[in-house]
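Architecture and fold: a report
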Amino acid sequence: MSSPITLPVRETDGEVRLDRFLRRKFTTLTQGRIEQMIRKGQIRIDGVRAKKAGDRLSPGAEVTAPQEIVIPEKKDDGVVRVRLNPEDERWLRDMVIHEDEDVIVLNKPPGIAVQGGTGMTKHLDKMMEIFAIDEHGKPKLCHRLDKDTSGVLIFGRNPAATAKLSKAFAGRKTTKVYWAICLGTPHPLSGEVRGWMIKAGSAKNPDNEMMRRATHGEPNAVFAITDYYVMSNAGTKASWVALKPITGRTHQLRFHMAEMGYSIAGDPKYVCDREPIGGLSEQLHLHARAIRIPHPKGGILSVTADLPPHMLKAFDALGFQQFEGRDPFEHFRVDA
């Protein structure tokens, strides 16, 4: 009889279910096969027979399994890697603005979807396979940006890092700052927008998805809060506005600015009764400029993303000057 194989649970695996841990290690392993081996007593955790697929594993534990568990595996680990043409691969790698063993951060260009949808074959979640490692697979998304929004986008490179980063987003332990060019100049020049909103349109098709105003108690309504600060303005026709979402709702910033009566330039969905700014690109002028988030290994990860070409041109055309290191929200609260 062949000797069992030993699989150590590492820090990068995090706290994880037994079945998920095994499927990460052996990508062709089915849930039924895992259940079968557990029933036969072939899977052990620190020498003790596993009781169920949902048994929790912690870093430092050891899982033993029969050698036969690897028979379905292919030499290339069974994962079908994405094949990008050299131009697309270079394009994707050029987006990287921070990379370490736990986190990879992109400066996402406008016009590329973060995740797939109906009829969508090219998106960043799929393309990130080129950064995959055999032990953990491809980097995993920790949050989202709209297709037409550019800027900071964070991925976790292993399960433990992804869980901590995602928890930071869910628990509002992050500080995110967006830059937008808006129609007109908001008054007052700084403040807070808050209110109830609800999805309208098809969630299955992101192109049709929108938000509308809602009332408290309306089924599926969510509450959203945004801090804003006017950094500069070009008379009354346009303004450069810094936005800090306190909550993270779909289309929140776009919806809030339109509700105020100062839509973001180039937004085809959320419009207000103001004249378009002449001479600007028709692209959405919204950019995820910076983020501060707890790093999975401790300390704070702070990343800033350069403006995309169409917004640089707009800044030049409107006479806006970028002020490095300026924090317009130092007088606002950090937590919701």
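One can find the structure itself at the top, above this paragraph.
In this report, the structure presented in the accompanying data block is examined. Keep in mind it's a predicted model, so treat the numbers as computed, not measured.

Points about helix α7 (residues 309-318)
- Where α7 is concerned, the buried positions are His310, Met311, Ala314, Phe315 and Leu318. The buried residues of α7 occupy one face: seen down the axis, they fall within an arc of 140°. Every exposed residue of α7 that faces more than 90 degrees away from the buried side is listed here: Pro309, Lys313, Asp316 and Ala317.
- In this structure, the buried side of α7 is in contact with β11 (175-183), β14 (222-234), β15 (238-245) and β16 (286-294).
- Among the residues trailing α7, Gly319 stands out with phi positive, at a value near 80°.

As for the environment of Thr250
- You can see Thr250 is positioned in the loop between β15 and α6 (252-260).
- Along the primary structure Thr250 and Glu209 are separated by 41 residues, whereas in three dimensions their C-alpha atoms are 9.1 Å apart.
- Those residues in contact with Thr250, other than ones at most four positions away along the chain, are Met197, Lys199, Glu209 and Met211.

Here we look at the packing of helix α1 (residues 18-25) against helix α2 (residues 31-39)
- It is the contact of α1 with α2, at a shortest axis distance of 10 Å, that shows an interaxial angle of 120°. As far as their axial angle goes, α2 and α1 are oblique. Crossing of α1 over α2 shows right-handed handedness. Contacts between α1 and α2 pair Leu18, Asp19, Leu22 and Arg23 from the former with Gln31, Ile34 and Ile38 from the latter.

Notes on the sheet that holds strand β4 (residues 48-49)
- Read across the open sheet, the four strands follow the order β1-β6-β3-β4; overall the sheet is antiparallel. Of all strands in the sheet, those bounded by a partner on one side alone are β1 (5-8) and β4.

Some thoughts on the pairing of strand β17 (residues 300-304)
- Because side chains alternate across β17, one face comprises the buried residues Leu301 and Val303, and the other comprises Ile300, Ser302 and Thr304, none of which is buried.
- Hairpin geometry of β16 and β17 is characterised by an intervening segment of five residues between the two adjacent antiparallel strands and by a positive phi of about 110° at Gly298.

Some remarks on the side chain of Asp102
- Tracing the backbone through its elements, the reader meets Asp102 in the loop between β7 (96-99) and β8 (103-108).
- We classify Asp102 as buried; its relative accessible area is 3%.
- Reaching out from Asp102, the side chain makes a polar contact with the side chain of Asn158 at a distance of 2.9 Å.
- At 3.0 Å, the side chain of Asp102 and the side chain of Lys297 are in polar contact.
- Contact partners of Asp102, with chain neighbours within four places excluded, come to Phe155, Gly156, Arg157, Asn158, Ala161, His295, Pro296 and Lys297.

What counts as what
- Residues numbered from 1 in each chain as written.
- Predicted model: local features only at pLDDT ≥ 70, side-chain atom pairs only at ≥ 80, totals over all residues.
- Heavy atoms only, no water.
- Buried < 20%, exposed > 50% of the residue type's maximum accessible area, 1.4 Å probe, protein only.
- Helix = DSSP H or I, 4+ residues; strand = E, 2+ residues; numbered from the N terminus.
- Arc of directions from axis to C-beta.
- Contact = heavy atoms within 4.5 Å.
- Axes fitted to C-alpha atoms, helices over the stretch in contact; angles between N-to-C directions.
- Parallel < 35°, antiparallel > 145°, perpendicular 65-115°, else oblique.
- Left-handed = near helix turned anticlockwise from the far one by under 90°.
- Pairing = 2+ DSSP bridges.
- Polar contact = N/O pair within 3.5 Å; in protein donor to acceptor, adjacent residues only side chain to side chain.

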